[in-house]
Amino acid sequence: MTRSLFAFASVLLMGAVLAGFAGPREDAAPTPASSATLSEVATWSLDQAHSRVGFKVKHLGISTVRGAFSEYDGTVRFDPADLSTLSARTTVQVASIDTENERRDNHLRSADFFAADEFPAMTFVSKRVQNIEGDRFELVGDLTIRGTTKEVVFDGEFLGVAAMGESERAGFEASTTIDRLDYGLAWDRLTEAGGLVVSHDVTIVLELQLRKETPQTDAD
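Residues numbered from 1 in each chain as written. Predicted model: local features only at pLDDT ≥ 70, side-chain atom pairs only at ≥ 80, totals over all residues. Heavy atoms only, no water.

Engineer: Would you mind going over the overall build of the chain with me for this structure?
Structural biologist: Looking only at helices and strands, one finds 3 helices and 11 strands in the chain. Written out in order from the N terminus, the α and β elements of the chain read α-β-β-β-β-β-β-α-β-β-β-β-α-β. Expressed as a percentage of its 220 residues, the buried residues of the chain come to 31%. Restricting the contact set of the chain to residue pairs at least 6 apart, pairs at least 24 apart contribute 57%. Put simply, the chain shows about 14,400 Å² of open surface, and 53% of that area lies on carbon and sulfur atoms. (Helix = DSSP H or I, 4+ residues; strand = E, 2+ residues; numbered from the N terminus. Buried < 20%, exposed > 50% of the residue type's maximum accessible area, 1.4 Å probe, protein only. Contact = heavy atoms within 4.5 Å. Areas by Shrake-Rupley, 256 points an atom, 1.4 Å probe, with all protein chains shown as cover.)

Engineer: Whenever I open this one, the side chain of Arg180 confuses me. Can you help?
Structural biologist: Mapped onto the fold, Arg180 is located in the loop between β10 (167-179) and α3 (189-192). Judged by relative accessible area, Arg180 falls into the buried class, the value being 4%.

Engineer: Looking at this model, I keep getting lost on a positive patch on the surface. Mind explaining?
Structural biologist: Residues Arg52, Lys56, Lys58 and Arg66 make up a contiguous surface patch of positive charge. The element contributing the most residues to the positive patch is strand β2 (residues 52-59), with 3 residues. Turning to its location among the elements, Lys56 is positioned in strand β2. (Patch = residues over 30% accessible without salt bridge, like charges linked within 9 Å, V, L, I, M, F, W, Y side chains within 5 Å. Salt bridge = Lys/Arg side-chain N within 4 Å of Asp/Glu carboxyl O. Lys, Arg positive; Asp, Glu negative; His and termini not counted. Charge placed at Lys NZ, Arg CZ, Asp CG, Glu CD.)

Engineer: It is not clear to me how the environment of Thr85 should be interpreted in this structure. Could you clarify?
Structural biologist: Summarising the element assignment, Thr85 is placed in strand β5 (residues 82-93). Between the C-alpha atom of Thr85 and that of Glu40, which follows or precedes it by 45 residues, the distance is 9.5 Å. Setting aside residues up to four positions removed in sequence, Thr85 forms contacts with Val41, Arg77, Phe78 and Asp79.

Engineer: Could you clarify how one ought to interpret the nonpolar core in this entry?
Structural biologist: Generally speaking, nonpolar side chains in soluble globular proteins are found buried as a group. Ranked by size, the top nonpolar core spans 42 residues in total, and within it Phe69, Phe78, Phe114 and Leu210 carry the most contacts. The element that contributes the greatest number of residues to this core is strand β11 (residues 198-212), accounting for 5 residues. In contact with Phe69, not counting residues within four places along its chain, are Val53, Phe55, Val92, Gln93, Val94, Ser96, Ile97, Phe114 and Met122. (Core = buried A, V, L, I, M, F, W, Y, C linked by side-chain atoms within 4.5 Å.)

Engineer: Got a minute to help me understand the pattern of salt bridges in this structure?
Structural biologist: Pairing is possible between side chains that carry opposite charge, provided their charged atoms lie close to one another. Enumeration over the complete set of coordinates arrives at 7 salt bridges. Between Lys127 and Glu151 there is a salt bridge; the shortest N-O distance is 2.6 Å. With Lys127 in strand β7 (residues 121-133) and Glu151 in strand β9 (residues 148-164), the pair connects residues that are 24 residues apart, well separated along the chain. Residue Glu151 is classed as partly exposed on the basis of its relative accessible area of 44%. The salt bridge partner of Glu151 is Arg128, with a shortest N-O separation of 3.9 Å. With Glu151 in strand β9 and Arg128 in strand β7, this residue pair connects regions lying 23 residues apart in the sequence. Where salt bridges share partners, they join Lys127, Arg128, Asp142 and Glu151 into one cluster.

Written out as structure tokens, the structure is:
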């Protein structure tokens, strides 16, 4: 009898040992995901001191007139490790146009072109990111000028992230070409015929430095 009890106990002990190597039960709680796999999407604001919102257009087909807007703001949200998360919203005050010619700038602000009194701002709101290849991408969104909204595609490049003091900065460059007549930026139909004086095509050029915003915490 004693020998039989010993054998039975040995079988139970072996079963317990084998059960320990059988792995977790199907109803066991899953292991939490590593924080490194979570998205690092953050909000970044435009640093105007280190950015430029410019444009260029051909004049008489033989030279290029360049200009820029000095008043603008906007935010960008993205994860530097995943450009597919990129989204942007920007507002530009058209009265701040500067082509280094006061007479020309006043004309551009007038009803012949931007009609700045009636339509003081132009905006861009992104809708999606596509064709990402390394640090290059296309940002698709709606550009509104003089009350007219058209979809445009910016060819962009992400220039990376750098530290500046206690803050993080990110750099982007992007450009797109629009037909200004699509937005009503025309003034004399006879002069505009064929776009001989000023080209219908205008290239918008963005050189942007962004400042990472610090998340706000709730007060105790």
